[in-house]
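# Inside the fold
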Amino acid sequence: MIRNILWDVDGTLLNFKDSEKHALSSCLMGAGIRPTDEMIAKYSEINKSFWERLERGELTRDQILVQRFEVFFDLIGKKVNISKFEKAYQAALANVFFYYDNSLMLCQKFKEEGFRQYVVTNGVASTQNKKLRDSKFYYIMDDVFISDEIGHPKPNQQFFKTVFDSIPNFSKEETIIIGDSLTSDIRGGNNAGIQCCWYNPRGEKPDLNVRIDYEIKHLWELQKILNNNIK
Ligand SMILES: [Mg+2]
């Protein structure tokens, strides 16, 4: 029976793409650059590939925060003060959020039903903490685990070990992770020996050889999975 729910944040509880678009557009305008959809899509792709390099342990957090913008501004042929831009971007990103599938209400419901819920996220601690407070998840979750504070990102097993050690009376059999990323959430959950639920709202084909125990298009499908999971 599932008792512990580990939630990814960006791209799962919150719609990261819309936040990214909003934050990047406003920062580009602030730097005197007119944003286009193509630019935003390019940045999004670059950013994703950089975070995957962090997941693989190839780059540190500080390196990716700066280098993603170096690559981006090179690509669009603009010169800006990268460190100033990156600071403005982090601030903008922390100031805006959009829920997926009325996720806050779902988490509130799970809380009332007695599930223990935890945030497990790769990201910048100050940005994630502010976003979690503003979006109110902070007050529903039993605890919040941010890679930046733990010192290792998902899918690293050190990350999961820290999470498991911090949960009272923890048992792997009673635990599920829900996330949109096969490389960090599902692979991490596979290696950590817990159940894995892939949130795949756009119905994409899995491009990685991982064990997907459950796949959902809408977060509320989880209700059925958790109710059927009585062993
Ligand atoms: Mg995610």
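An account of the accompanying structure is given in this report. (Residues numbered from 1 in each chain as written. Predicted model: local features only at pLDDT ≥ 70, side-chain atom pairs only at ≥ 80, totals over all residues. Heavy atoms only, no water.)

## Concerning the nonpolar core
Stated formally: The nonpolar core is taken to be a set of buried Ala, Val, Leu, Ile, Met, Phe, Trp, Tyr and Cys residues, with the residues joined through side-chain atoms within 4.5 Å. Relative accessibility decides the category of a residue: with a 1.4 Å probe and only protein chains considered, values under 20% of the type maximum give buried, values over 50% give exposed, and everything between is partly exposed. In this text, helices come from DSSP runs of H or I with a minimum length of four residues, and strands from runs of E with a minimum of two, each type numbered from the N-terminal end. In what follows, a contact means two residues having at least one pair of non-hydrogen atoms within 4.5 Å.
Ile5, Trp7, Phe110, Met141, Ile178 and Leu222 are the most contacted members of the largest nonpolar core, which totals 28 residues. When contributions to this core are tallied by element, the ones reaching two or more residues are β1 (4–7), α5 (103–112), α6 (125–134), β3 (143–146), β4 (175–179), β5 (195–199) and α10 (222–228). The residues touching Ile5, leaving out its near neighbours within four places in the chain, are Phe110, Phe115, Arg116, Gln117, Tyr118, Ile176, Ile178 and Leu226. Judged by nonpolar contacts, the second largest core, of 25 residues, contains Tyr43, Phe50, Phe73 and Val124.

## Some thoughts on the pattern of salt bridges
Here the idea is simple: oppositely charged side chains can pair when their charged atoms come close. For the record, the criterion: Salt bridge, as applied in this entry: a Lys or Arg side-chain nitrogen positioned within 4 Å of an Asp or Glu carboxyl oxygen.
By the definition in use, this model includes 17 salt bridges. For Lys154, the salt bridge identified is with Asp8, shortest N-O distance 2.9 Å. Linking Lys154 in the loop between α7 (147–150) and α8 (157–166) with Asp8 in the loop between β1 and α1 (16–30), this pair joins segments that are 146 residues apart in sequence. Of the charged contacts in the structure, one is a salt bridge between Glu86 and Arg68, with a shortest N-O distance of 2.9 Å. One end of the pair, Glu86, is in helix α4 (residues 82–94); the other, Arg68, is in helix α3 (residues 61–76), with 18 residues separating them in the sequence.

## What to know about α5
What counts here: Directions from the helix axis toward the C-beta atoms define the arc.
Listed as buried for α5 are Ser103, Leu106, Cys107 and Phe110. The arc that holds the buried residues of α5, viewed along the axis, is 95 degrees, so those residues lie on one side. Looking at the buried side of α5, the elements it contacts are β1, β2 (116–121) and α10. Downstream of α5 by one or two residues, Gly114 has phi in the positive range, about 95 degrees.

## Describing the packing of α1 against α4
Put simply, the rule reads: To obtain an axis, a line is fitted to C-alpha atoms, over the contacting stretch when the element is a helix, and the angle between two such axes runs from 0 to 180 degrees between their N-to-C directions. Small angles under 35 degrees read as roughly parallel and large ones over 145 as roughly antiparallel, with 65 to 115 read as roughly perpendicular and the rest as oblique. What makes a crossing left-handed is the near helix being turned counterclockwise from the far one by less than a right angle; a clockwise turn instead makes it right-handed.
Their axes nearest at 9 Å, the elements α1 and α4 cross at an angle of 135 degrees. With respect to their mutual orientation, α1 and α4 come out oblique. Along this stretch, α1 crosses α4, giving a crossing that reads as right-handed. Facing Phe16, Ser19, Glu20, Ala23, Leu24, Ser26, Cys27 and Leu28 of α1, the residues of α4 in contact are Phe85, Ala88, Tyr89, Ala92 and Leu93.

## Some remarks on the sheet that holds β3
We apply this condition: For two strands to be treated as a pair, DSSP must find at least two bridges joining them.
Read across the open sheet, the six strands follow the order β3-β2-β1-β4-β5-β6; overall the sheet is parallel. Here the strands that pair on one side only, and so sit at the sheet edges, are β3 and β6 (214–216). Recorded for the sheet is a direction-independent mean angle of 20 degrees between the axes of neighbouring strands. The pairing of β4 with β5 spans four bridges and is parallel. Paired with Ile178 across the strands is Cys197, a residue of β5. Of the strands in this sheet, β1 and β2 touch α5, which is tilted by about 160 degrees from β1. The strands touched by helix α9 (residues 182–192) are β4 and β5; relative to β5, the strand with the most contacts, the crossing angle is about 165 degrees.

Keep in mind that these numbers describe shape and distance, not what the molecule does.
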